[in-house]
Structures are given as structure tokens and as C-alpha cells.
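Descriptive analysis of the structure
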Amino acid sequence: MFDTDILIHTQVMTRHIEMLDALFKHATEGIVVVDKQANIVMLNPKAKELFGYTDRELIGRKVETLIPQRFNKNHVGYRDEYLEAPRARGMGHMMDLFARRKDGSEFPVEVSLSPFKTSDGEFVVSFVIDITERKKQESRIIEANLEIQKLNAELEERVQQRTEELAAAIKRIEQSQEEVVRALTKERELNNMKSQFVTIASHEFRTPLATILSSASLIGRYSHTEDEEKRQKHVQRIKSTVSNLTEILNDFLSIGKLEEGRIHCIPVLTNLNEFCKNLIEEIRGLCKEGQEMFVSYDGEANAWLDKQLLRNVLFNLLSNAIKYSEPGKTISLRVKNWSGLIRIEVQDQGIGIPEQDQGHIFDRFFRANNAGNAQGTGLGLNIVQNYIELMGGTVRFHSEVGLGSTFFVELPNREPASVKL
Ligand code: ADP
């Protein structure tokens with residue numbers, strides 16, 4: 001080689017070295033070079049600044065000097081593995097890396113490694129970036145995200161709460177609407193009932209009042225002693241007509257009280273057997289000519305019952321049996337009182353209830369087609385059903401036109417739960 005070539009070569013080399021030196025000195029990343037034994041052999045000014053060391057302090061020390069102690073053990077393993085087969089790569093994939101300053105404080109870093117060879121041997125250069133600011137930024141973003149999530153959750157909760165409040169308000173409105181409709185319906189029913197009452201009262205009262213009037217004027221005419229029998233007959237007629245009118249008025253009163261919820265079931269221990277016998281004796285007087293009334297009783301004599309309600313029920317069923325049967329027919333009252341259940345049957349051999357009317361006979365004011373001239377308001381069975389329900393029982397019937405009807409009542413015989421004083 002000529003001298004000039006050597007000179008040029010030397011000049012080029014010098015320029016390269018100067019450039020490399022400038023790169024090394026002015027790099028914004030920390031550069032730390034280690035040998036195959038992980039001893040630090042070189043570090044740039046930025047690295048010294050990052051770690052807070054002077055050159056001399058680090059040269060010849062293990063690279064672990066720059067890593068927090070708690071990671072040192074693992075790091076020795078990783079770096080030995082790396083130094084076996086070094087290649088250029090980032091460090092700590094998917095891991096947060098920390099570096100240790102001279103004063104022991106830590107800071108987050110990003111590190112990439114590159115192996116190289118010189119005539120002096122194999123080395124690894126690490127490029128270290130302090131990512132404290134980036135991490136702060138990240139945690140600010142995470143915090144902001146958390147805040148957003150919290151706000152979202154609060155918002156959702158508020159929306160949910162408002163939705164629930166709205167649903168409750170709608171429900172309240174619906175309920176009050178229903179209440180208004182119910183009140184209106186009730187009022188309409190009441191008005192209907194009143195006008196039906198007026199119709200029925202004027203119709204049902206006219207005949208008995210005419211009977212009373214004619215009987216009274218006839219009594220006035222029977223002034224002789226021998227007319228006593230005729231007088232008594234008319235007195236009797238007046239009495240039974242007045243009692244009919246009283247029954248009708250009582251039915252209207254009962255309906256009114258039921259409507260207002262003023263009727264309650266108050267069971268007392270009653271001798272049911274005696275009760276039935278007495279009732280039959282009382283009703284027997286209403287029988288038409290030749291009609292016979294039988295009572296049979298089976299089971300325990302005593303029962304827990306509301307006597308007033310039961311009296312009304314049986315009185316209604318038995319007087320219907322009389323009313324809707326021809327003279328000379330038989331009427332039976334059968335009672336069974338076993339194991340907490342009272343079964344009552346009221347059977348007649350009367351006109352029966354037409355099939356097409358059977359679905360309505362418990363309706364208020366309903367009267368069957370074949371009721372004809374028999375006095376009545378169509379309230380009795382409605383009251384019966386209401387009273388039986390109040391007593392916790394049931395009522396049903398079987399009827400065939402021309403053959404007769406049987407009403408079946410079932411009532412519980414239970415001692416009411418004792419009242420605490
Ligand atoms: P009413 O005052 O008309 O007797 P009820 O409510 O007691 O009213 O009875 C309703 C209707 O049921 C009666 O009008 C009658 O048509 C029919 N009914 C009730 N009981 C009998 C019965 N034992 N036999 C035939 N029909 C009956």
C-alpha cells in the first residue's frame with residue numbers, strides 16, 4: 001500500500017471514529033456495553049446521567065448493578081441464557097422493566113439489546129430509555145379511563161334509578177286509574193242496583209200492599225161475632241204478607257251491608273243439631289198445604305259456626321224449596337258433621353231450574369224463567385253465596401226441571417285462632 005493510501009485510509013477511519021464518538025456521546029438513549037461475563041465495559045454520558053454514576057464507578061461492575069435488587073437473581077439467569085445465543089431484541093417483552101440509580105431509587109425503562117463482536121471478543125450493547133414520563137402518561141390515561149368508567153357506572157345507575165322511578169310512577173298512575181275505573185264501576189253498579197230496587201220494590205210491594213189493604217178493609221166489614229174465623233184468616237194473611245215484605249227489605253239491607261264490607265263471620269261453638277231442629281220448626285209454618293219437611297243429622301253435635309250467617313243461608317234455601325215446590329211435596333234438610341267438615345243438603349221436589357238459567361241463579365236480581373208469580377227479588381241466592389264465602393265454604397246445586405233441586409253446602413268446622421288480648 002502507498003503512503004497516500006494509508007493516509008486516506010487513516011483519515012476515513014478517524015472520521016468514522018469521530019462520528020461514532022459523537023453518536024455515542026450525544027445519543028438521547030443511555031448506552032451500556034457489557035462483555036460476555038456481563039461486566040460493564042463502556043457507557044455513554046446519557047447512561048451515566050440516567051443512573052447517576054461516573055464512568056469509573058461502573059466500569060468492570062456487573063450489569064446487575066443497574067437493576068433493582070429484587071430482580072437480580074432472575075436477571076442473572078436470563079442474561080446467561082441470552083449471552084449463550086445473543087441476538088438483537090427488546091428486553092422484558094410484556095413486562096414492566098425497572099432500573100436502579102446509584103442512590104437506590106428506581107425508574108421505569110425500555111431496553112433493547114444488540115450483540116456485536118470485535119477483535120477483543122463478544123459484547124452486548126443495551127440501549128436504555130427512561131420511560132417515567134410515558135408511564136406517568138399511561139397511568140393518567142388509566143386513571144382517566146377509570147374515572148370515565150366510574151362516571152359511566154354512575155350514569156347507568158342514575159338512568160336505572162330514574163327508569164325504576166318512572167316505572168313506579170306509571171304504576172301508581174295506572175293504579176289510580178284502575179281505582180277510578182273501579183269506583184266508577186261500583187257507582188254504576190250501585191246506581192243500577194238502586195234503579196232495580198225501585199223497579200222491584202214498586203212491583204213486589206204492590207201485590208202484598210193490595211192484599212193487606214183488602215184484608216184490612218174486609219176485617220172492617222166483619223163486625224159480627226160469627227165472622228171471627230174470617231177475621232182471623234185475614235189477620236193471618238196480613239201477618240204473613242208483612243213478614244214477606246220484611247224479608248224483602250232484609251235482603252236489600254243485607255246486600256247493602258255486604259257491599260260496604262260490614263258483615264263478618266264470627267264463629268261460636270254451637271249445637272248444630274239443636275240449631276237445625278229449631279230452624280225447621282220455625283220454617284215449617286211457611287209450608288204450603290200438605291208440604292212436609294224432614295231433617296236428618298249425622299255426626300258430631302257441636303260445630304264452630306256463625307249462627308246468624310248460617311241461619312240466613314238455611315232460611316233462604318229452605319224458603320226457596322217451599323216457594324218453588326207444589327203443595328204436598330217433600331222438603332229435606334240433611335246435615336253431616338264429620339272431621340272438621342259440615343255437609344248440608346237442602347232438597348226439594350219442586351219445579352227445578354231450567355238448564356239455560358242455571359249459570360246465573362247466584363247473580364244479583366236474577367230470577368229463572370219458570371219463577372212465574374212466586375214472590376221474590378232474585379237477591380236471596382246471591383246473599384247465600386256471599387255469606388257462605390264469608391264462612392270459608394262453598395255452595396253448588398243440582399236441579400232438573402219438574403223433578404226438583406238439591407243445594408249442597410260445605411262449611412269448615414274449625415275453632416278460630418284464639419284472639420290475643
Ligand atoms: P228469589 O227471591 O227470586 O227467590 P233467589 O236469589 O233466592 O231469589 O233465587 C233466584 C232464582 O233461582 C229464583 O228466582 C228461582 O228462579 C230460582 N230458584 C232458587 N231456588 C230454587 C228452587 N229451590 N227451585 C227452583 N228454582 C229455584
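Computed from a prediction, not measured in an experiment: that's the story for all the values here.

1. Digging into the pattern of salt bridges
Inspection of the entire model under this criterion finds 21 salt bridges. Across the pair arginine 231 and glutamate 228 runs a salt bridge, and its minimum N-O distance is 2.8 Å. Of this pair, arginine 231 and glutamate 228 are both found in helix α6 (residues 228-259), 3 residues apart, which corresponds to roughly one turn of the helix. The class for glutamate 228 is partly exposed, based on a relative accessible area of 35%. For glutamate 282, the salt bridge goes to arginine 311, with nearest N and O atoms at 2.8 Å. Here glutamate 282, found in helix α7 (residues 272-284), pairs with arginine 311, found in helix α8 (residues 307-323); they are 29 residues apart in sequence, far enough to count as distant. Overlapping salt bridges, with partners in common, bring together Glu64, Arg79 and Asp80 in one network.

2. Observations regarding the layout of surface pockets
Once rolled over the atoms, a probe with the size of a water molecule shows which space is left empty. Of the pockets and cavities examined, the second largest pocket occupies roughly 690 Å³. Taken together, 29 residues form the lining of the second largest pocket, with Ile67, His75, Tyr78, Met91 and Leu97 sitting closest to its centre. Elements that contribute at least two residues to the lining of the second largest pocket include exactly β1 (30-35), α4 (69-84), β4 (97-100), β5 (106-118) and β6 (121-130). For the lining of the second largest pocket, the element with the highest residue contribution is α4, accounting for 8 residues. A per-class count over the lining of the second largest pocket returns 21 nonpolar, 4 polar and 4 charged.

3. Observations concerning a negative patch on the surface
On the surface, Glu143, Glu147, Glu154 and Glu157 cluster together to form a negatively charged patch. Looking at glutamate 143, the relative accessible area reads 54%, which means it is exposed.

4. Observations regarding the packing of aromatic side chains
Taken as a whole and judged by the stated rule, the model has 5 aromatic pairs. Ring pairs connect the aromatic residues Phe362, Phe397 and Phe407, which therefore count as one cluster.

5. A look at the site of the ligand
In the vicinity of the ligand, 18 residues are found, and the nearest of them are Asn320, Tyr324, Arg367, Thr377 and Leu381. Asparagine 320 places a side-chain nitrogen or oxygen 2.8 Å from an oxygen atom of the ligand. Alanine 368 has a polar backbone atom sitting 2.8 Å from an oxygen atom of the ligand. Relative to its unbound accessible surface of 530 Å², the ligand loses 98% to contact with the protein. Of all the secondary structure elements, the ones that give two or more residues to the shell around the ligand are α8 and α9 (380-390). For the shell around the ligand, the residue count by class is 8 nonpolar, 7 polar and 3 charged.

6. Concerning the nonpolar core
Grouped together as the largest cluster of nonpolar side chains are 55 residues, with contacts concentrated most on Leu272, Leu310, Leu318, Leu333, Ile344 and Leu411. Sort the elements by how many residues they give to this core and α8 lands first, with 9 residues. Apart from the residues within four sequence positions on either side, leucine 411 is in contact with Leu305, Leu310, Gly340, Leu341, Ile342, Ile344, Ile388, Met391 and Gly393. If you look at the next biggest cluster of nonpolar residues, it comprises 22 residues, including Tyr82, Leu97, Phe107 and Val109.

7. Things to note about the side chain of threonine 241
Among the structural elements, threonine 241 can be located in helix α6. If we ignore the near neighbours within four places in the chain, the residues touching threonine 241 are Pro208, Thr211 and Ile212.

8. Thoughts on the sheet that holds strand β12 (residues 394-400)
If you walk across this open sheet you meet the 5 strands as β8-β10-β11-β13-β12, and the pairing is mixed. The open sheet terminates on both sides in strands that have one partner only, identified here as β8 (292-299) and β12. Strand after strand, the sheet turns through a mean of 10° between neighbouring axes, direction not considered. Relative to strand β11 (residues 341-348), strand β10 (residues 330-338) runs antiparallel, the two sharing 8 bridges. Counterpart to isoleucine 331 in the pairing with β11 is aspartate 348. Of the strands in this sheet, β8, β10 and β11 are in contact with α7, which crosses β8 at around 175°.

9. Things to note about the environment of threonine 118
You can see threonine 118 is positioned in strand β5. For the pair threonine 118 and arginine 188, spaced 70 residues apart in sequence, the C-alpha to C-alpha distance is 110 Å. Within the structure, threonine 118 has its side chain in polar contact with the backbone nitrogen of aspartate 120 (distance 3.0 Å).

10. Overview of the state of the cysteines
Applying the stated rule across the entire model yields 0 disulfides. The cysteine cysteine 265 is free of any disulfide, with cysteine 276 supplying the nearest cysteine sulfur at 16 Å. For cysteine 265, a relative accessible area of 27% gives the class partly exposed. Free of any disulfide, cysteine 276 has its nearest cysteine sulfur in cysteine 287, 16 Å distant. In this structure cysteine 276 comes out as buried when scored by relative accessible area, which is 1%.

11. Quick notes on α4
For α4, spanning 16 residues, the distance from its first C-alpha to its last is 23 Å, which sits close to the expected 22 Å at 1.5 Å a residue. Maximal helix bending in α4 amounts to about 40°, located at histidine 75. For α4, the complete set of buried residues consists of Asn72, His75, Arg79, Tyr82 and Leu83. Looking at the buried side of α4, the elements it contacts are β1, β3 (89-90), β4, β5 and β6.

Basis of the calculations
- Residues numbered from 1 in each chain as written.
- Predicted model: local features only at pLDDT ≥ 70, side-chain atom pairs only at ≥ 80, totals over all residues.
- Heavy atoms only, no water.
- Salt bridge = Lys/Arg side-chain N within 4 Å of Asp/Glu carboxyl O.
- Helix = DSSP H or I, 4+ residues; strand = E, 2+ residues; numbered from the N terminus.
- Buried < 20%, exposed > 50% of the residue type's maximum accessible area, 1.4 Å probe, protein only.
- 1 Å grid on protein atoms, 1.4 Å probe; cavity = no way out; pocket = protein on both sides within 12 Å on 5 of 7 lines; lining within 4 Å.
- Points joined across faces, edges and corners; volume = space filled by probe spheres on them.
- Nonpolar A, V, L, I, M, F, W, Y, C, P; charged D, E, K, R; others polar.
- Patch = residues over 30% accessible without salt bridge, like charges linked within 9 Å, V, L, I, M, F, W, Y side chains within 5 Å.
- Areas by Shrake-Rupley, 256 points an atom, 1.4 Å probe, with all protein chains shown as cover.
- Lys, Arg positive; Asp, Glu negative; His and termini not counted.
- Charge placed at Lys NZ, Arg CZ, Asp CG, Glu CD.
- Phe/Tyr/Trp six-rings, centres within 6.5 Å; stacked < 30°, edge-to-face > 60°.
- Near = heavy atom within 4 Å.
- Polar contact = N/O pair within 3.5 Å; in protein donor to acceptor, adjacent residues only side chain to side chain.
- Core = buried A, V, L, I, M, F, W, Y, C linked by side-chain atoms within 4.5 Å.
- Contact = heavy atoms within 4.5 Å.
- Pairing = 2+ DSSP bridges.
- Axes fitted to C-alpha atoms, helices over the stretch in contact; angles between N-to-C directions.
- Disulfide = S-S within 2.5 Å.
- Expected span 1.5 Å × (residues − 1).
- Bend = angle between axes of the 7 residues up to and from the residue.

In short, shape yes, function no, at least from these values alone.
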